[in-house]
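Summary of the model geometry
Now for the letters of each chain:
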Amino acid sequence: MVRSETGARPSEARERLLATATRIFYAEGIHSVGVDRIIAEAKVTRATFYRHFPGKEDLVVAYLQAADQAIRDHVDTAAAAGLPAPDALRAVAESIARDIQSAGFRGCAFLNAVAEYPDPDNPVHEAVLAHRQWFLETINTLLADIQESEAEPAARHFVMLRDGAMAAGCLFDPVLISETFLRGVDGLIRTHAARQPS
């Protein structure tokens, strides 16, 4: 949780605004939801909203940063468990599969957001790219721990498997999609581990 410079917890109103925006943005999209609705459902005043978020875009960036932190926490948990790199990768994949099968799953929050904010100079787009770069680098590090040779292409492959599973998981049977994704990740790990060093 982000703390202010004084070390105080974020205000309850800010947390309520962020929780409300997270629920609505993820379920319905970002551009389709106005600030007035978020203010009403969070039960705060307009002045309170603008005290915490200078504009809607700032709230969107905070929503993505919160989603980013939740994913980092899942990955950190897998890494901190002291598992060998292949098992840590599988734990990350299993976390993704659980998300795909969760109630209300509507795809990847980051891919959904970037579809609405295609301008690469927009702060929302930049927040998506920052998350994706961190995720790619993290997977790359785990794959390099297995076999350094060709770790980066294998990491890109993992991310593409994940993206495909996230897109298909809200269109088709999420259990079947999760099983297919996990098989793909397992095959990728085995193929990468068998690769000869260059």
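Residues numbered from 1 in each chain as written. Predicted model: local features only at pLDDT ≥ 70, side-chain atom pairs only at ≥ 80, totals over all residues. Heavy atoms only, no water.

1. Brief notes about unusual backbone geometry
What counts here: The helix count covers DSSP runs of H or I at least four residues long, the strand count covers runs of E at least two residues long, and both are numbered beginning at the N terminus. A 1.4 Å probe rolled over the protein chains alone gives each residue an accessible area, and that area as a share of the maximum for its type sets the label: buried under 20%, exposed over 50%, partly exposed in between.
Of note in this structure, Lys 43 is not a glycine but carries a positive phi near 60°. Tracing the backbone through its elements, the reader meets Lys 43 in the loop between helix 2 (35–42) and helix 3 (46–52). A relative accessible area of 69% places Lys 43 in the exposed class. In the Ramachandran plot, Glu 150 falls in the positive-phi region, its phi being about 65° despite a non-glycine side chain. Mapped onto the elements of the fold, Glu 150 is located in the loop between helix 7 (123–146) and helix 8 (151–169).

2. Some words on the pattern of salt bridges
Defined as follows: Salt bridge, as used here: a side-chain nitrogen of Lys or Arg that lies within 4 Å of a carboxyl oxygen of Asp or Glu.
The final tally for this structure, using the stated rule, is twelve salt bridges. One salt bridge connects Arg 46 with Asp 36, and the closest N-O pair in it is separated by 1.9 Å. On the criterion of sequence distance, the pair formed by Arg 46 in helix 3 and Asp 36 in helix 2 is long-range, its members being ten residues apart. A relative accessible area of 41% places Arg 46 in the partly exposed class. Note that Arg 132 is salt-bridged to Asp 163, the shortest N-O span being 2.6 Å. Of this pair, Arg 132 sits in helix 7 while Asp 163 sits in helix 8, placing them 31 residues apart in sequence. Each of Arg 23, Glu 28, Arg 37 and Glu 41 takes part in one network of salt bridges that share partners.

3. Re the packing of helix 5 (residues 85–100) against helix 9 (residues 174–194)
This is how the line gets drawn: An axis is simply a line fitted to the C-alpha atoms; with a helix, the fit covers only the stretch in contact. Between two such axes, the angle follows the N-to-C directions and lies from 0 to 180 degrees. Geometric relationships in this document are graded by angle, where less than 35 degrees denotes roughly parallel, more than 145 denotes roughly antiparallel, 65 to 115 denotes roughly perpendicular, and other angles denote oblique. Less than a right angle of anticlockwise turn of the near helix away from the far helix marks a crossing as left-handed, whereas a clockwise turn marks it as right-handed. Whether two residues touch is decided by their heavy atoms; if any such pair falls within 4.5 Å, the residues are in contact. Note that Gly is not counted as nonpolar here; it falls among the polar residues with everything else outside the nonpolar set of Ala, Val, Leu, Ile, Met, Phe, Trp, Tyr, Cys and Pro and the charged set of Asp, Glu, Lys and Arg.
Running from amino to carboxyl end, helix 5 crosses helix 9 at an angle of 165°, the nearest separation of the two axes being 9 Å. In terms of orientation, helix 5 lies roughly antiparallel with respect to helix 9. The two elements helix 5 and helix 9 meet at a crossing, and its hand is right-handed. Along the contact surface, helix 5 presents Pro 86, Leu 89, Arg 90, Ala 93, Glu 94, Ile 96, Ala 97 and Ile 100, while helix 9 presents Pro 174, Ser 178, Phe 181, Leu 182, Val 185, Asp 186, Ile 189 and Arg 190. Looking at side-chain class alone, the contact of helix 5 with helix 9 contains eleven nonpolar, one polar and four charged residues.

4. Digging into the nonpolar core
Selection rule: Among buried residues, those of type Ala, Val, Leu, Ile, Met, Phe, Trp, Tyr and Cys that are joined through side-chain atoms within 4.5 Å constitute a nonpolar core.
Counting residues in hydrophobic clusters, the biggest one holds 59 residues, and the most contacted among them are Phe 25, Leu 64, Phe 135 and Phe 158. If you list the elements that add at least two residues to this core, you get helix 1 (12–28), helix 2, helix 4 (56–80), helix 5, helix 6 (109–116), helix 7, helix 8 and helix 9.

5. Re the confidence of the model for the chain
Low pLDDT marks stretches whose predicted atomic positions should not be read closely. Just so we agree on the cut-off: Here pLDDT means the predictor's own confidence in every residue, given as a number from 0 to 100.
The pLDDT averaged across the chain works out to 93; a share of 95% of its residues lies at or above 70. Below a pLDDT of 50 lies the segment residues 1–6, which in the model reaches six contacts outside its immediate sequence neighbourhood of four places, other chains included.

6. Digging into the environment of Val 35
Within the secondary structure, Val 35 sits in helix 2. The exposure class of Val 35 is buried, given its relative accessible area of 14%. Sequence spacing of Val 35 and Ala 194 is 159 residues, and the spatial spacing of their C-alpha atoms is 52 Å. With residues near it in sequence (within four places) discarded, Val 35 still touches Phe 49, Tyr 50 and Lys 56.

7. Side note on the packing of helix 4 against helix 6
Between helix 4 and helix 6, whose axes approach to 10 Å, the crossing angle comes to 155°. Taken together, the axis directions place helix 4 and helix 6 in an arrangement best described as roughly antiparallel. Considering how the two elements wind past one another, helix 4 and helix 6 form a crossing that is left-handed. Residues Tyr 63, Leu 64, Ala 67, Asp 68 and Ile 71 of helix 4 touch helix 6, and the partners they reach there are Ala 109, Phe 110 and Ala 113. Tallied by class, residues from the contact of helix 4 with helix 6 come to seven nonpolar, no polar and one charged.

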